[in-house]
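Commentary on secondary and tertiary structure
Here is what each chain is made of, one letter per residue.
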Amino acid sequence: MDQLIIEGPTKLEGTVKVSAAKNAYLPILACVLLSPKPVHLKNLPKLRDIKTMMVLLKNLGVQISEKGEWTTFDASKVISQEATYDLVKTMRASILVLGPLLTRFKYAKVSLPGGCAIGARPIDIHLNNFAKLGAQINLEGGYVSAETDQLNGCSLVLSFPSVGATENILMGAILAKGRTIIENAALEPEIEDLGNFLIKMGAKIEGLGTSRIVVDGVPFDELKEVEYEAIGDRIEAATYIMAGLATKSTLTVKGFHTNHLEAVLTALSEMGAKIDRDEYEVTVYPSDLKGINIETSPYPGFPTDAQAQLMALTSQVEGVSIITENIFENRFMHVPELRRLGASIELKQKTAVIKGESHLKGAPIMCTDLRASAALVLAALASSGKTKIQRIYHLDRGYECLAEKLSQLGASIDREKNVPMS
Ligand code: UD1
């Protein structure tokens, strides 16, 4: 297995461009299944989750070709409507093929998802609402199957603004008969991006960016060939911004809509961060930061996907910070690893209390999930001495060329390949 060796403490310097958002492209990739017309996607990030979704599509019969920065998908000869356990277990987002398959082929069978080990993560909101649209749902042998004669639009109120459920139902409603209204829809920018893609494909959607999305179903043959490029990755951006602050660096992060990171930038400013920003880039400067009290919540609140990185940062600032995780249970797996580097963190149920200004020292540590891994990298950059980070396949799920990007910013970071696990 590969591992990262980071020699710290380090200063970062220069400009880093974030990749296209994986969480925008995953549902867009699932949409490829909606239509037999070609879909052309620009700058797909080279990430394990994106590759997993592409293998899943190939297994269903989608033809995929690459030319320069464009990847073309042709779903005119889909041969299966079944997403099998071997792929779904590695990535929860595989469940997103359910809506497109069901609405186009009237049948879908998907293994119950796995993915990051951050809590139970059920899919009841997806399934209850597909049932309301007219699908018969069956759970058997670790699989969910859904079938219908025709999905029919209706008014839906999500019991929680789940990102994945909003996306899945939105995709399913595109070819449903009549009008679907999704109330209490999630507001994450990746959903608006998905909606913009679908509109380019020929879908009729209103209310994007609000909690009430209205979809008027269109006939299958009205969908068109489409070219699209997803938005920049706001979570990757947040990670680099916090890495800049944790290492007291002057660092510019570009390639994303800075207004998608409002809650993070506001929190960092409150902590005392010196930040310049325009529409698509943020520059941070060496700043004397203070602790913060923050809770994660659905967008536009502070994102759960930036919680671990913020915790690593707060270990380096003056005073006490309190971080409460409200979205996922069991999303504090970075805590024992950060403690191994010398961070002072106490856990009380869903709240972490971090005593700042710990002098972190390099040690062997282990990735446990995607964002926890990003926090460990950030802490390693601020630690003195050598940190060896194992199980970095978690990082490969969501951070494109992380070692290369950090190395270009001046970090001493090496990726050692095929190291036997210790
Ligand atoms: C997406 C993101 C993930 C992010 C999360 C929250 C993708 C591919 N992944 O995940 O990076 O951390 O949003 O911003 O975009 N829930 C239920 N029943 C359901 C669905 C969800 O109880 O049917 C619960 C989950 O267990 C969790 C919470 O709702 O506690 C949020 O989940 P959700 O918003 O669905 O997250 P994902 O779409 O899985």
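Everything in this summary refers to the structure shown in the same document. All values reported here derive from a predicted model rather than from experimental measurement.

In this section: the overall build of the protein. From N to C terminus, the protein includes 14 helices and 24 strands. Relative to a compact globule of 422 residues, whose C-alpha radius of gyration would be 22 Å, the protein shows 21 Å and is just as compact. Over its C-alpha atoms, taken along the principal directions, the protein stretches across nearly 65 × 40 × 40 Å. Going through the 422 residues of the protein one by one, you find that 56% of them count as buried. A separation of at least 24 residues holds for 72% of the contacts in the protein among residues at least 6 apart in sequence. Accessible surface computed for the protein: about 16700 Å², of which carbon and sulfur atoms make up 48%.

Taken as a whole, this structure holds one aromatic pair when the rule is applied. Geometrically, the ring pair formed by Phe197 and Tyr228 is edge-to-face, given 5.5 Å between the ring centres and 80° between the ring planes. Of this pair, Phe197 sits in helix α7 (residues 189-201) while Tyr228 sits in strand β14 (residues 226-228), placing them 31 residues apart in sequence. Its relative accessible area of 10% is what places Tyr228 among the buried residues. Taking the ring centre of Tyr143 as reference, the NZ or CZ of Lys109 above it sits at 5.1 Å.

Both trends apply: most residues other than glycine have a negative phi, and most peptide bonds are in trans. That bond from Gly8 to Pro9 is cis: its omega, -5°, falls within 30 degrees of zero. You can see Pro9 is positioned in the loop between β1 (3-8) and β2 (13-17). Following Tyr299, the chain continues to Pro300 via a peptide bond in cis, the omega torsion being 10°. As for its placement among the helices and strands, Pro300 is situated in the loop between β18 (293-295) and α10 (307-314). A positive phi angle, close to 50°, is found at Cys401, a residue other than glycine. Tracing the chain through its elements places Cys401 in the loop between α13 (393-396) and α14 (402-408). Even without being glycine, Asn418 reaches a positive phi, approximately 50°. With respect to the helices and strands, the residue Asn418 is situated in the segment after β24 (412-416).

Now for the site of the ligand. Residues in close proximity to the ligand total 20 residues, the closest being Arg92, Asp124, Ser162, Asp305 and Ile327. Taking Asp305, its side chain carries an N or O atom lying 2.6 Å from an oxygen atom of the ligand. Between the ligand and Ile327 there is a distance of 2.7 Å, counted from an oxygen atom to a backbone nitrogen or oxygen. Look at the ligand: alone it shows 740 Å² of surface, and the protein chains cover 85% of it. Of all the secondary structure elements, the ones that give two or more residues to the shell around the ligand are α1 (22-31), α5 (124-132) and α6 (163-173).

Attention now goes to the sheet that holds strand β16 (residues 274-277). Ordered in space as β2-β15-β17-β16, the four strands form an open sheet in which the pairing is mixed. A single partner strand is all that each edge strand has here, and the edge strands are β2 and β16. Put simply, the sheet's adjacent strands are angled 15° from each other on average, direction ignored. Note: β2 against strand β15 (residues 250-254), five bridges, orientation parallel. Each bridged residue has a counterpart across the sheet, and for Val16 the counterpart in β15 is Val253. Contacts from helix α9 (residues 262-270) reach β16 and β17 (281-285) within the one sheet, and its direction differs from that of β16 by about 145°.

Let's shift gears to empty space enclosed by the protein. To locate leftover empty space, one rolls a probe as large as a water molecule over the atoms. Per the counting criterion, the structure on display carries one cavity of 30 Å³ or more. Considering only enclosed or pocket space, the largest cavity measures out at about 40 Å³ in volume. Lining the largest cavity we find Thr239, Tyr240, Ala243, Ala374, Val377, Leu378, Leu381, Leu402 and Leu406. Breaking the lining of the largest cavity down by element, the ones donating at least two residues are α8 (234-246), α12 (370-382) and α14.

Counted by the stated rule, this structure contains 13 salt bridges. Arg415 serves as the salt-bridge partner of Asp396, at 2.7 Å between the closest nitrogen and oxygen. Of this pair, Asp396 sits in helix α13 while Arg415 is found in strand β24, placing the two residues 19 residues apart along the sequence. On the basis of relative accessibility, which here comes to 21%, the residue Asp396 falls in the partly exposed class. Using a relative accessible area of 34% as the deciding quantity, one classes Arg415 as partly exposed. Via salt bridges that share partners, Asp2, Asp396, Arg415 and Lys417 belong to a single interconnected network.

Looking now at α8. Compared with the 18 Å implied by 1.5 Å per residue over 13 residues, the 18 Å span of α8 between its first and last C-alpha is a close match. By the criterion of burial, α8 is predominantly enclosed, with 13 of the 13 residues buried. For α8, the N-terminal cap is Asp233; the gap from its side-chain oxygen to the backbone nitrogen of Ile235 is 2.9 Å. Lys248 lies just past α8 and shows a positive phi near 50°.

Here is what the cut-offs are and how they apply
Residues numbered from 1 in each chain as written. Predicted model: local features only at pLDDT ≥ 70, side-chain atom pairs only at ≥ 80, totals over all residues. Heavy atoms only, no water. Helix = DSSP H or I, 4+ residues; strand = E, 2+ residues; numbered from the N terminus. Rg over C-alpha atoms; globule rule 2.2 N^0.38 Å. Buried < 20%, exposed > 50% of the residue type's maximum accessible area, 1.4 Å probe, protein only. Contact = heavy atoms within 4.5 Å. Areas by Shrake-Rupley, 256 points an atom, 1.4 Å probe, with all protein chains shown as cover. Phe/Tyr/Trp six-rings, centres within 6.5 Å; stacked < 30°, edge-to-face > 60°. Lys NZ or Arg CZ within 6 Å of the ring centre and 35° of its normal. Near = heavy atom within 4 Å. Polar contact = N/O pair within 3.5 Å; in protein donor to acceptor, adjacent residues only side chain to side chain. Pairing = 2+ DSSP bridges. Axes fitted to C-alpha atoms, helices over the stretch in contact; angles between N-to-C directions. 1 Å grid on protein atoms, 1.4 Å probe; cavity = no way out; pocket = protein on both sides within 12 Å on 5 of 7 lines; lining within 4 Å. Points joined across faces, edges and corners; volume = space filled by probe spheres on them. Salt bridge = Lys/Arg side-chain N within 4 Å of Asp/Glu carboxyl O. Expected span 1.5 Å × (residues − 1).

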